[in-house]
There are 2 protein chains.
Amino acid sequence: MKVDDNLNHEVYMKLAIEEANNALAIDEVPIGAVVVHHGEIIGRGFNTRESEQNPIHHAEMKAIQAASEHLGSWRLEECTLYVTLEPCVMCSGAIVMSRIPIVVYGAHDEKGGCSGSLMNLLNQREFNHQATVISGICHDECSNLLKDFFRILRQKKLHEKQKKLESELF
Amino acid sequence: MKVDDNLNHEVYMKLAIEEANNALAIDEVPIGAVVVHHGEIIGRGFNTRESEQNPIHHAEMKAIQAASEHLGSWRLEECTLYVTLEPCVMCSGAIVMSRIPIVVYGAHDEKGGCSGSLMNLLNQREFNHQATVISGICHDECSNLLKDFFRILRQKKLHEKQKKLESELF
């Protein structure tokens with residue numbers, strides 16, 4: 001990979017991070033995605049699973065649907081998906097279904113990632129589509145967003161527990 | 001499995017077949033799904049990928065989203081999904097994501113099925129959810145719907161080719 005490519009990847013990943021920050025602003029797990037088509041952003045999305053109570057509303061799914069709507073086609077054959085966290089089993093499947101050829105992600109998901117960590121659904125010969133995966137772009141920024149979110153969540157829960165205990169004692 | 005269970009499965013699969021027929025009516029690949037919660041149908045869906053040019057709009061995805069909307073929860077932990085064709089990689093992933101415990105399907109999908117045929121994403125120990133899969137309910141009816149659809153599609157295409165050839169010759 002040339003340095004220029006990496007710089008481009010970073011530019012687009014920063015936009016995916018912007019989307020992740022939109023999720024953070026409404027107390028959702030901060031994950032964001034964009035779909036790029038010949039240099040143009042044609043789909044954006046951020047995780048709204050909790051606020052919308054919708055199991056499908058991951059960042060990638062929303063960006064993919066927006067991109068399809070923009071192109072008027074379910075085939076995203078000339079697109080690149082940028083996402084801050086490695087896609088899960090469903091989102092990796094949606095990448096196969098929409099035939100996206102290149103997927104760029106930031107942080108690895110050791111517990112649920114299906115684009116390389118637990119398994120790689122994007123390089124299965126049995127499927128009628130495979131995608132190239134580029135990982136680790138803006139890794140620390142993407143990873144820290146998540147780490148900070150969960151650290152604060154744990155602190156909040158601990159604080160609530162302490163408050164409840166105090167109210168029971170006094 | 002008791003005979004009664006099978007009868008119940010057939011009753012619900014017939015409703016999924018009704019949904020598949022809705023797809024057929026608009027020239028979509030006839031695949032239908034329903035989500036059942038304590039005996040009540042809380043989600044229905046049929047494939048609209050081509051007519052809506054949306055890679056996500058598989059029957060299962062639509063039934064799952066409708067069920068989540070009905071329950072006001074992304075967790076479909078007490079639901080059963082009935083679908084006429086074995087779920088693909090994306091839909092199998094959505095079953096994991098929505099934590100549906102029981103999946104009943106009609107026809108096997110040797111080429112793309114990820115709930116037993118190509119792989120079984122519903123019994124992966126690495127995921128935080130596994131589902132029981134029951135297959136072959138109303139198998140012939142589900143399978144023939146698809147076979148007939150593709151046979152007629154091939155005939156249509158052949159007819160169009162012949163007409164084009166004739167118009168070029170005379």
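Residues numbered from 1 in each chain as written. Chains lettered and ligands numbered in written order. Predicted model: local features only at pLDDT ≥ 70, side-chain atom pairs only at ≥ 80, totals over all residues. Heavy atoms only, no water.

As annotated in an unreviewed UniProt entry, chain A carries the name tRNA-specific adenosine deaminase and is attributed to Macrococcoides bohemicum.

### Topic: the interface of chain A and chain B
By a frequent convention, interface size equals the accessible area lost on bringing the separate parts together. With 31 residues of chain A at the contact, the number on the chain B side is 31 residues. Interface of chain A and chain B: buried area, both sides summed, is about 2600 Å²; carbon and sulfur atoms make up 72% of it. Looking only at chain A, the three residues that lose the most surface to chain B are Q53, W74 and M97 of chain A, adding up to 24% of its buried area. Our count for the chain A to chain B interface comes out at zero salt bridges. The tally of links between chain A and chain B comes to six residue pairs in polar contact (both at pLDDT 80 or more). Only α2 (49–52), α3 (59–71) and α4 (89–98) of chain A provide two or more residues apiece to the side of chain A that touches chain B. Counting residues per element, the side of chain A that touches chain B draws most heavily on α4 of chain A, which supplies seven residues. (Contact = heavy atoms within 4.5 Å. Buried area = accessible area lost by both parts, 1.4 Å probe. Salt bridge = Lys/Arg side-chain N within 4 Å of Asp/Glu carboxyl O. Polar contact = N/O pair within 3.5 Å; in protein donor to acceptor, adjacent residues only side chain to side chain. Helix = DSSP H or I, 4+ residues; strand = E, 2+ residues; numbered from the N terminus.)

### Re the side chain of T48 of chain B
Within the secondary structure, T48 of chain B is located in the loop between β2 (40–46) and α2 (49–52). Leaving out residues up to four positions away in the same chain, T48 of chain B has contacts with I26, E28, Q53, H57 and K62 of chain B.

### Structural notes on the sheet that holds strand β5 (residues 132–135) of chain B
All names here are of chain B. Strand order in the open sheet formed by five strands is β2-β1-β3-β4-β5, with mixed pairing between adjacent strands. This sheet does not close on itself; its edge strands, each paired only once, are β2 and β5. Each strand axis lies, on average, 20° off the axis of its neighbour in the sheet, ignoring direction. With five bridges joining them, strand β3 (residues 79–85) and strand β4 (residues 102–107) adopt parallel strand pairing. Paired with L81 across the strands is V103, a residue of β4. Along the sheet, helix α3 (residues 59–71) contacts β1 (32–37), β2 and β3; its crossing angle with β2, the most-contacted strand, is approximately 145°. (Pairing = 2+ DSSP bridges. Axes fitted to C-alpha atoms, helices over the stretch in contact; angles between N-to-C directions.)

### Re the packing of aromatic side chains
For any pair of aromatic rings, the description rests on two quantities: the centre-to-centre distance and the angle between the ring planes. For the structure on display, the rule yields four aromatic pairs over all chains. Look at Y12 of chain B and Y82 of chain B: their rings are 5.2 Å apart centre to centre, the planes differ by 40°, and that puts the pair in the tilted class. Placement of Y12 of chain B in helix α1 (residues 3–25) and of Y82 of chain B in strand β3 is noted, with a sequence separation of 70 residues between them. Y82 of chain B shares its class with Y12 of chain B; the two are buried. Between F149 of chain B and F150 of chain B, the ring centres sit 5.1 Å apart and the planes meet at 80°, which makes this aromatic pair edge-to-face. Against the face of W74 of chain B rests R49 of chain A, its NZ or CZ located 3.8 Å from the ring centre. (Phe/Tyr/Trp six-rings, centres within 6.5 Å; stacked < 30°, edge-to-face > 60°. Buried < 20%, exposed > 50% of the residue type's maximum accessible area, 1.4 Å probe, protein only. Lys NZ or Arg CZ within 6 Å of the ring centre and 35° of its normal.)

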